[in-house]
Amino acid sequence: KNQVEQSPQSLIILEGKNCTLQCNYTVSPFSNLRWYKQDTGRGPVSLTIMTFSENTKSNGRYTATLDADTKQSSLHITASQLSDSASYICVVSYNNNDMRFGAGTRLTVKP
Amino acid sequence: DTGVSQNPRHKITKRGQNVTFRCDPISEHNRLYWYRQTLGQGPEFLTYFQNEAQLEKSRLLSDRFSAERPKGSFSTLEIQRTEQGDSAMYLCASSLDGQANTGELFFGEGSRLTVL
């Protein structure tokens, strides 16, 4: 069954600290994996995309990794800021046109 | 602002009433998607259009849900005889054909429905 599981469900960290969010998937055939950031009450916004051949990609303080063999991805946030408080959603594309959304990780950054 | 526009942003209705949401995609985008999102969950796919053609509607939640995109531009999502379980955020997203295959969707701000 094509599924996307994210962990943890929620996370609270102090401003300035680093954190890592996880995404495991079972979808097949894999096309790509994208991380979205969703602020409360807003629509999701794409942060980064990972294709099959890519292991790591950075976007500012965000670094995504992909292990296509184990079907796992992570999103690492460095030197967190209050504005990083949001839900982070992993979306896996497969079959060239289908997508599966994870339930998201709710991150809260406290001062 | 040339992003995806949705309205109304908030709708409160009584059970049994019909509601309609509108989505205006980014102008050059030919694909338009509707999702439903409940608290603490990721978006749940409902249906999508390529131009005016509705290519997938089997995941609409019931026959009370219907969507149209008559001229291949804006779209409407109608829920008839609303139930309390329909309370959720309804998100619209758009993309170009090529972008859709990379999973890049551009989302609107959503329409939040509360059914009393």
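Our structure is the block above this text.
Residues numbered from 1 in each chain as written. Chains lettered and ligands numbered in written order. Predicted model: local features only at pLDDT ≥ 70, side-chain atom pairs only at ≥ 80, totals over all residues. Heavy atoms only, no water.

**As for the sheet that holds strand S6 (residues 56-59) of chain A**
All names here are of chain A. The condition is simple: Pairs of strands are assigned from DSSP output, requiring at least two bridges between the strands. Going along the chain from the N terminus, every DSSP run of H or I of four or more residues is numbered as a helix, and every run of E of two or more is numbered as a strand. For every element, the axis is a line fit to its C-alpha atoms; helices are fit only across the contacting stretch, and the angle between N-to-C directions ranges from 0 to 180 degrees.
Spatially, five strands are ordered S1-S3-S8-S7-S6 in an open sheet, and the strand pairing comes out antiparallel. Looking at which strands have only one partner, the edges of the open sheet turn out to be strand S1 (4-7) and S6. In this sheet, adjacent strand axes meet at a mean angle of 15° when their direction is disregarded. Two strands pair when backbone bridges link them, and S6 and strand S7 (residues 62-67) are joined in this way by four bridges, in the antiparallel orientation.

**Describing the state of the cysteines**
Where two cysteines share a covalent bond between their sulfur atoms, that bond is called a disulfide. Residue and element names in this part refer to chain A. Stated precisely, the cut-off is as follows: Note on terminology: pairs of cysteine sulfur atoms within 2.5 Å are recorded as disulfides. Burial status follows relative accessibility: with a 1.4 Å probe on protein chains alone, a residue under 20% of its type maximum counts as buried, one over 50% as exposed, and anything between as partly exposed.
Under the defined criterion, the tally for this structure stands at two disulfides over all chains. With its sulfur 2.0 Å from that of its partner, cysteine 23 forms a disulfide with cysteine 90. Taking the sign of the S-S torsion, about -65° here, the bridge from cysteine 23 to cysteine 90 comes out left-handed. Highlighted residues: cysteine 23 in strand S3 (residues 19-25) and cysteine 90 in strand S9 (residues 86-94), separated in sequence by 67 residues. Taken individually, cysteine 23 and cysteine 90 each receive the classification buried, so the pair is uniform in this respect.

**Notes on the interface of chain B and chain A**
You'll often see interface size given as the accessible area lost when the parts meet. Heads up, the rule is: Residue contacts are counted whenever heavy atoms from the two residues lie within 4.5 Å of one another. Note on terms: buried area is the combined drop in 1.4 Å-probe accessible area of two parts once they are placed together, counting the loss on both. Salt-bridge detection follows one rule: a side-chain nitrogen of Lys or Arg within 4 Å of a carboxyl oxygen of Asp or Glu. In the analysis that follows, any N or O atom pair within 3.5 Å is treated as a polar contact, provided that within protein one partner can donate a hydrogen and the other can accept it, and provided that, for residues neighboring in sequence, both atoms belong to side chains. In this count, Pro and Cys sit with the nonpolar residues alongside Ala, Val, Leu, Ile, Met, Phe, Trp and Tyr, while Asp, Glu, Lys and Arg are called charged and the others, Gly among them, polar.
With 22 residues of chain B at the interface, the matching set in chain A holds 20 residues. Between chain B and chain A the total buried area reaches about 1,600 Å² when both faces are included, carbon and sulfur atoms providing 42% of it. Put simply, chain B and chain A have one salt bridge between them. Connecting chain B to chain A are five residue pairs in polar contact (both at pLDDT 80 or more). Taken together, the elements giving at least two residues each to the side of chain B that touches chain A come down to strand S4 (31-37), strand S9 (88-95) and helix H1 (97-101) of chain B. Looking at the side of chain B that touches chain A element by element, the count peaks at four residues for S4 of chain B. Residue composition of the side of chain B that touches chain A, by class: nine nonpolar, eight polar and five charged.

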